[in-house]
Amino acid sequence: MTKGGCSDSEAVSPRRASGSRYWDSRFERRALTLLPGDGHATADDIVLVTVLGSCIATCLYDPVARLGGMNHFLLPEDARRKGSAASWLESYDHPATRYGSVAMERLVNALLSLGAERSRLQAKVFGASRGIVASDVGARNLSFVREYLATEGIPVFGEETGGGGARKIHFMPASGDVYVKRISSPTEWIAAREGDYAERLRDSDTDGAIFIFPE
Amino acid sequence: MGKKILFVDDSASMRQVVGLALTSAGYEVTAAIDGKDGASKLDQERFACIITDLNMPNMNGIELIKAAKLNVNNKFTPIIMLTTKSSDEMKKQGQAAGAKVWVVKPFKPDQLLGVVQKLVGA
């Protein structure tokens, strides 16, 4: 592999992946860390790394094209229907669901543009811990992603979610393998980072821009 | 009978969301799962409006617009692009192909409905 070569690779979030790149000596691969709000799809044999509390990381993998991608997102607080278990379809009118479905669609589109096929995609879902950001946020994120994947017909091949602590995810997009490590050390910094992220989402404008072309 | 709208998106959840928004506003929606499927529906009838995603397998949204512009039934049908992409370059391509409106996901269903009503009436 050429130095720094990542041509078959696509950042999924509108901005560039904000995490760092480094050499992971344990997995003997180049590594890219994803921060909350990031997503990355690639055919390169690298390792995508992220640390999660109440957020969700979805790993999608195409076993035939041998490529994959991961996102890391949180549904923003939904003030109007807090704690409601309404179907995400019925609640598409709410910023939270709109945001989550776009995070998922961006990842799927990035994979398709690299040569994946929708019908072959397999999912693994991580995160959604209790009590990292607020009590019910993790559960709400989880029910959203489960329902979304079911609607899209993408089977879930693995899930490690819930519980009280944080997790570190290592995803190998070229093989689909995932290693999950429970983090028992203090998780305050993760809570703070996810809290900041939730704050940013609340302030951000999630409404779609409309451009009407002149005649 | 409501006005007929063709909605083309490879995402099943998007088809449900947009289908629900349009049908509850009284429109009649024909859904297609990609550009190729959409193009085949152009031959069957004249639509009041076409709403299409950009990134799709088989045939993408830009190619679908080009097909519509060559289609006897739908040459003059207004077309809305509904996509996560928002770069000026992509928009320019969409405009050149013949799209009238470009809507960036995530969108509010009411926003989309507003655009449709403006183009084709209620």
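Worth saying up front: this structure is predicted, and the values here are computed from it rather than measured. (Residues numbered from 1 in each chain as written. Chains lettered and ligands numbered in written order. Predicted model: local features only at pLDDT ≥ 70, side-chain atom pairs only at ≥ 80, totals over all residues. Heavy atoms only, no water.)

Novice: Before we move on, could you go through the overall build of chain A and cite the residues and values that matter?
Specialist: Check the secondary structure of chain A and you find three helices and 12 strands. With 215 residues in all, chain A has 53% of them scored as buried. Sequence-distant contacts in chain A: of pairs separated by 6 or more residues, those separated by 24 or more amount to 68%. For chain A, the accessible surface area stands at approximately 9,500 Å², while carbon and sulfur atoms represent 51% of it. (Helix = DSSP H or I, 4+ residues; strand = E, 2+ residues; numbered from the N terminus. Buried < 20%, exposed > 50% of the residue type's maximum accessible area, 1.4 Å probe, protein only. Contact = heavy atoms within 4.5 Å. Areas by Shrake-Rupley, 256 points an atom, 1.4 Å probe, with all protein chains shown as cover.)

Novice: Quick rundown of the packing of helix H3 (residues 61–69) of chain B against helix H4 (residues 88–97) of chain B? Include the residues and the values.
Specialist: Residues and elements named next belong to chain B. Axis separation between H3 and H4 bottoms out at 9 Å; the angle between their running directions is 15°. On the basis of the axis angle, H3 is roughly parallel to H4. The handedness of the crossing between H3 and H4 is right-handed. Of the residues in H4, those touching H3 at Ile62, Ile65, Lys66 and Lys69 are Gln93, Gly94 and Ala97. Of the residues assigned to the contact of H3 with H4, the class counts are three nonpolar, two polar and two charged. (Axes fitted to C-alpha atoms, helices over the stretch in contact; angles between N-to-C directions. Parallel < 35°, antiparallel > 145°, perpendicular 65-115°, else oblique. Left-handed = near helix turned anticlockwise from the far one by under 90°. Nonpolar A, V, L, I, M, F, W, Y, C, P; charged D, E, K, R; others polar.)

Novice: Let's hear about the interface of chain A and chain B: which residues, and what values?
Specialist: Taken together, the contacts link 26 residues of chain A with 30 residues of chain B. Between chain A and chain B the total buried area reaches about 2,600 Å² when both faces are included, carbon and sulfur atoms providing 57% of it. Among the ionic pairs, A:Arg118 bridges to B:Asp10, the shortest N-O distance being 3.0 Å. Taken together, chain A and chain B are joined by eight residue pairs in polar contact (both at pLDDT 80 or more). Broken down by secondary-structure element, the contributors of at least two residues to the side of chain A that touches chain B are helix H1 (95–113), helix H2 (137–152) and strand S12 (210–212) of chain A. The element contributing the most residues to the side of chain A that touches chain B is H1(A), with seven residues. In the side of chain A that touches chain B, the residues fall into 12 nonpolar, five polar and nine charged. Relative to strand S5 (residues 101–104) of chain B, S12(A) is paired through three bridges, and the arrangement is antiparallel. In the strand pairing of S5(B), A:Ile212 is matched with B:Val101. (Buried area = accessible area lost by both parts, 1.4 Å probe. Salt bridge = Lys/Arg side-chain N within 4 Å of Asp/Glu carboxyl O. Polar contact = N/O pair within 3.5 Å; in protein donor to acceptor, adjacent residues only side chain to side chain. Pairing = 2+ DSSP bridges.)

Novice: Describe the nonpolar core, and please don't skip the residues or the numbers.
Specialist: Counting residues in each nonpolar core, the largest one holds 45 residues, and the members touching the most others are A:Leu60, A:Met70, A:Phe73, A:Leu111, A:Val145 and A:Leu149. Listing elements by their share of this core, those giving two or more residues are strand S5 (47–52), strand S6 (56–62), strand S7 (67–73), H1, strand S8 (122–127), H2, strand S10 (166–172) and helix H3 (188–203) of chain A. The element contributing the most residues to this core is H1(A), with eight residues. Excluding residues within four positions of it along the chain, A:Leu111 makes contact with A:Ala41, A:Leu60, A:Leu67, A:Gly68, A:Gly69, A:Ala116 and A:Leu121. In this structure, B:Phe47, B:Leu54, B:Met81 and B:Met90 belong to the second largest nonpolar core, which totals 22 residues. (Core = buried A, V, L, I, M, F, W, Y, C linked by side-chain atoms within 4.5 Å.)

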